[in-house]
Amino acid sequence: MVTLVNFVFKQVPRIAVPLSRISAIGQRLSDSIFSHPYAAIGLMLSVVTALGLLTFDLLRPANVEGLFLLVVLVSALKGGRRPGVFAALTATIVFDFCFIPPRFSFAVTDFAYLVTLFVFVAVAMTTSELASRALREHAARAHAEAASQAKDALLNRIAHELRAPLTTILGWVHILQQSTSDAHRTTRGLAGLQRKAQ
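Caption draft 1: Seen up close, the overall build of the protein chain. If you tally the helices and strands in the protein chain, you get six helices and zero strands. Tracing the protein chain from N to C terminus, the helices and strands come up as α-α-α-α-α-α. Out of the 198 residues belonging to the protein chain, those deemed buried represent 21%. The long-range share in the protein chain, meaning contacts at least 24 apart out of those at least 6 apart in sequence, stands at 62%.

Right, here's the structure in full:
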């Protein structure tokens, strides 16, 4: 039993490295895809639409609607307000065309589906706005952190620049205190120098 536990704990570092590499690859892929957010939105909506059409007999329109809302959320989180709104409106049009009866037309024959479409637009737009607001707040927080670090670096530099001359002055004060010519005058001048340096 003990050897099994030791074996598992020895394997953890080997497993952790590939997971971090996978995470880095996923982040790079996500960044490269969302360098063109509207193309990424089109791709995601195409995948969700294809998935919904392939599983139409298994999933109801309400279930597919959740997948479309997920696309809107991801679009707004990664791209901001405009891509989020674009995703919300495009998802509404695609959802209406492909999944609301009568299918493959923009006509809505049932009032309940019309309410569903309006609720979908409202939820998608709200989700888009909230996600883009969170994105802006994150960017503002990162900017404030960078400004704080720059201020700290400046203060450290100023402290270093002031410390160097003061160290020199204190060194000369120490040397002059050890000299013995005109003791009263030298002592009084050095005491003043020392007070100002501290």
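Read on, since the account is not over.
Caption draft 2: Up close: the packing of aromatic side chains. Using the criterion set out here, one finds seven aromatic pairs in the structure. Relative to Phe-99, the ring of Phe-56 lies with its centre 6.3 Å away and its plane at 25°, an arrangement referred to as stacked. Of this pair, Phe-56 sits in the loop between helix H2 (37-54) and helix H3 (61-79) while Phe-99 sits in helix H4 (residues 81-99); the two residues are 43 residues apart in sequence, bridging distant segments of the chain. The partly exposed category is assigned to Phe-56, whose relative accessible area is 25%. Ring geometry for Phe-68 and Phe-99: centres 6.0 Å apart, planes at 65°, overall edge-to-face. Here Phe-68, found in helix H3, pairs with Phe-99, found in helix H4; they are 31 residues apart in sequence, far enough to count as distant.

Caption draft 3: Spotlight on H2. Helix length check: H2 (18 residues) gives 25 Å between terminal C-alpha atoms against 26 Å at 1.5 Å per residue, within 8%. Buried within H2 we find Pro-37, Ala-40, Ile-41, Met-44, Leu-45, Val-48, Thr-49 and Gly-52. Axial view of H2: buried residues confined to an arc of 165°, hence all on one face. Away from the buried face of H2 by more than 90 degrees, exposed residues Ala-39, Leu-43, Val-47 and Leu-54 are located.

Caption draft 4: Fine view of the nonpolar core. Within the largest apolar cluster, 18 residues are counted, with the highest numbers of intra-cluster contacts made by Leu-45, Phe-68, Val-72, Ala-91, Phe-95 and Phe-99. Counting only elements with at least two residues in this core, the list comes to H2, H3, H4 and helix H5 (111-178). Here this core gets six residues from one element, more than from any other, and that element is H4. In this structure, Leu-45 is in contact with Phe-68, Val-71, Ala-87, Thr-90 and Ala-91, ignoring residues within four places of it in sequence.

Caption draft 5: Main features of the confidence of the model for the protein chain. Mean pLDDT for the protein chain: 77, with 71% of residues reaching 70 or above. At the level of individual helices and strands, the protein chain shows its lowest average pLDDT in helix H1 (residues 2-33), which scores 57, and its highest in H2, which scores 91.

Caption draft 6: Up close: unusual backbone geometry. Pro-102 follows Pro-101 through a cis peptide bond whose omega is -5°. As for its placement among the helices and strands, Pro-102 is situated in the loop between H4 and H5.

Reading the values: the criteria
- Residues numbered from 1 in each chain as written.
- Predicted model: local features only at pLDDT ≥ 70, side-chain atom pairs only at ≥ 80, totals over all residues.
- Heavy atoms only, no water.
- Helix = DSSP H or I, 4+ residues; strand = E, 2+ residues; numbered from the N terminus.
- Buried < 20%, exposed > 50% of the residue type's maximum accessible area, 1.4 Å probe, protein only.
- Contact = heavy atoms within 4.5 Å.
- Phe/Tyr/Trp six-rings, centres within 6.5 Å; stacked < 30°, edge-to-face > 60°.
- Expected span 1.5 Å × (residues − 1).
- Arc of directions from axis to C-beta.
- Core = buried A, V, L, I, M, F, W, Y, C linked by side-chain atoms within 4.5 Å.
- pLDDT = per-residue confidence, 0-100.

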